[in-house]
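Structural overview
These are the residues of each chain, in order.
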Amino acid sequence: MASRGRVLVAMSGGVDSSVTAYLLKSQGYECAGATMRLACTRRLDEEGARTCCSLSDIEDAAATAARLGIPHRVIDLRPVFEREVVEKFVRTYRAGATPNPCIDCNRYLKFGALLDHALEEGFDYIATGHYARVERSRGAWELRRGTDAAKDQSYVLYSLTQERLAHVLLPLGGLGKEADVRRIAREQGLSSAEKPDSQGICFVGDDDFASFIERRDGRSLPEGDVLDRDGRVIGRHRGALRYTIGQRKGLGVAAAHPLYVTALDVEANTVTLGGVEDLMAGSLVAHDWIWSAPAARCEELMAAAGEDGAPVAAKIRYHQPDQEARMSLVDARAGAAGGVRIDFTRPQRGIAPGQAVVVYEGDTVLGGGCVTAVGGGR
């Protein structure tokens, strides 16, 4: 059978990427596996359960590649990971915003440096075990949701542009995790068949973001005032970076009604608490916007809709259900570079600067960006 093309499969050592490699080889692609060496290089048996990127994961990926009869390589991307993911994570938290390092890892590592490496080495495609679909429609590439709604990962892939999508294969997009992927892994005797899914952020490990930053800085976070919505001091905190917008537990303040973190001021080192109504917002503005669908098509869609904006479905969190909204350009002269405004039909709870907002037309990702401002609506 003639090769359908050369594919570099991003292999993490987990079941999803292992089955990805198996499926593509079975479909007639000439495959090679690649594992990124990032930051977490300790063995699992030395550190307890880890999320990903350990030396044991690299060994698992290499063993799977050997079983499938495909070559395997390890690519050292630690400098890129440190600069584009870890440093950005720390910088965003220090600014009092909410980062999403998984989106940055996809943007700068898997579909950035690794894809560039693949193309330089003469591969036609890169493949990953993400649950999303890449399809050709209306003369363009479309990034679509995975058919398994519980596993759909299109939200974290919005940075895939037309240029990138042309070289991406996502064979798990039409499959279910338990019914299909793990079953295939068991049938093929892959050692990753029962391996648990990755959880948390790989370079933090215990999900204690504030302690990670303290260790990195070599100093403790400063204490400060906890304020009510009127600016009155009602308590003390152990470091503003320990709190997130919408947080309810662990506030250390007694009250007759539930209180939530509604604002963080890193410069003043204050944490503001309020009621659930203080968390609600009807609109946002996002920058660093990336169109996954053709930019001209998306901007024409908004232009045709006029001042009210184009109707879209929007998500501000990975597993959030679609929210009815309208999308418009903040500065039409600058296009998406000038910012994109999202006005929700119903107010949303806990929108925070730094979060990603992703917009859809049906199952197709139009684009996404980083929230820079939160408002009350038109």
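Residues numbered from 1 in each chain as written. Predicted model: local features only at pLDDT ≥ 70, side-chain atom pairs only at ≥ 80, totals over all residues. Heavy atoms only, no water.

With twelve residues, helix H1 (residues 15-26) extends 16 Å between its outermost C-alpha atoms, agreeing within 8% with the 16 Å of an ideal straight helix rising 1.5 Å per residue. Considered for burial, the residues of H1 that qualify are Val15, Asp16, Ser17, Ser18, Val19, Thr20, Ala21, Leu23 and Leu24. Against the buried residues of H1 lie strand S1 (6-10), strand S2 (30-37), helix H3 (55-68), strand S4 (125-127), strand S7 (168-169) and helix H7 (177-187). Looking one or two places after H1, you find Gly28, whose phi comes out positive at around 100°. (Helix = DSSP H or I, 4+ residues; strand = E, 2+ residues; numbered from the N terminus. Expected span 1.5 Å × (residues − 1). Buried < 20%, exposed > 50% of the residue type's maximum accessible area, 1.4 Å probe, protein only. Contact = heavy atoms within 4.5 Å.)

Another point: the pairing of strand S6 (residues 140-145). Among the six residues that make up S6, five are buried, leaving the element largely enclosed by the rest of the structure. In sequence, strand S5 (residues 132-137) turns back onto S6 through a hairpin of two residues, with Arg138 there showing a positive phi of about 55°. (Pairing = 2+ DSSP bridges.)

So, about the pattern of salt bridges. According to the stated counting rule, one finds 36 salt bridges in the structure shown. In this structure, Arg182 and Asp197 form a salt bridge, with 3.2 Å as the shortest nitrogen-oxygen distance. Here the residue Arg182 occupies a position in helix H7, and Asp197 occupies one in the loop between H7 and helix H8 (209-217), the gap between them amounting to 15 residues. Classification of Asp197 as partly exposed rests on a relative accessible area of 32%. (Salt bridge = Lys/Arg side-chain N within 4 Å of Asp/Glu carboxyl O.)

The next point concerns the confidence of the model for the chain. The pLDDT averaged across the chain works out to 91; a share of 94% of its residues lies at or above 70. Low pLDDT, under 50, characterises residues 41-51; the predicted model gives this stretch 23 contacts beyond four residues in sequence or across chains. (pLDDT = per-residue confidence, 0-100.)

What follows deals with the sheet that holds strand S10 (residues 260-265). The four strands lie next to each other as S9-S8-S11-S10, forming an open sheet whose pairing is mixed. One side of each edge strand has no neighbouring strand; the edge strands of this open sheet are strand S9 (233-237) and S10. Neighbouring strand axes in the sheet, compared pairwise and without regard to direction, differ in orientation by 30° on average. Sheet topology places strand S8 (residues 224-227) next to strand S11 (residues 270-274); three bridges connect them, and they run parallel. (Axes fitted to C-alpha atoms, helices over the stretch in contact; angles between N-to-C directions.)

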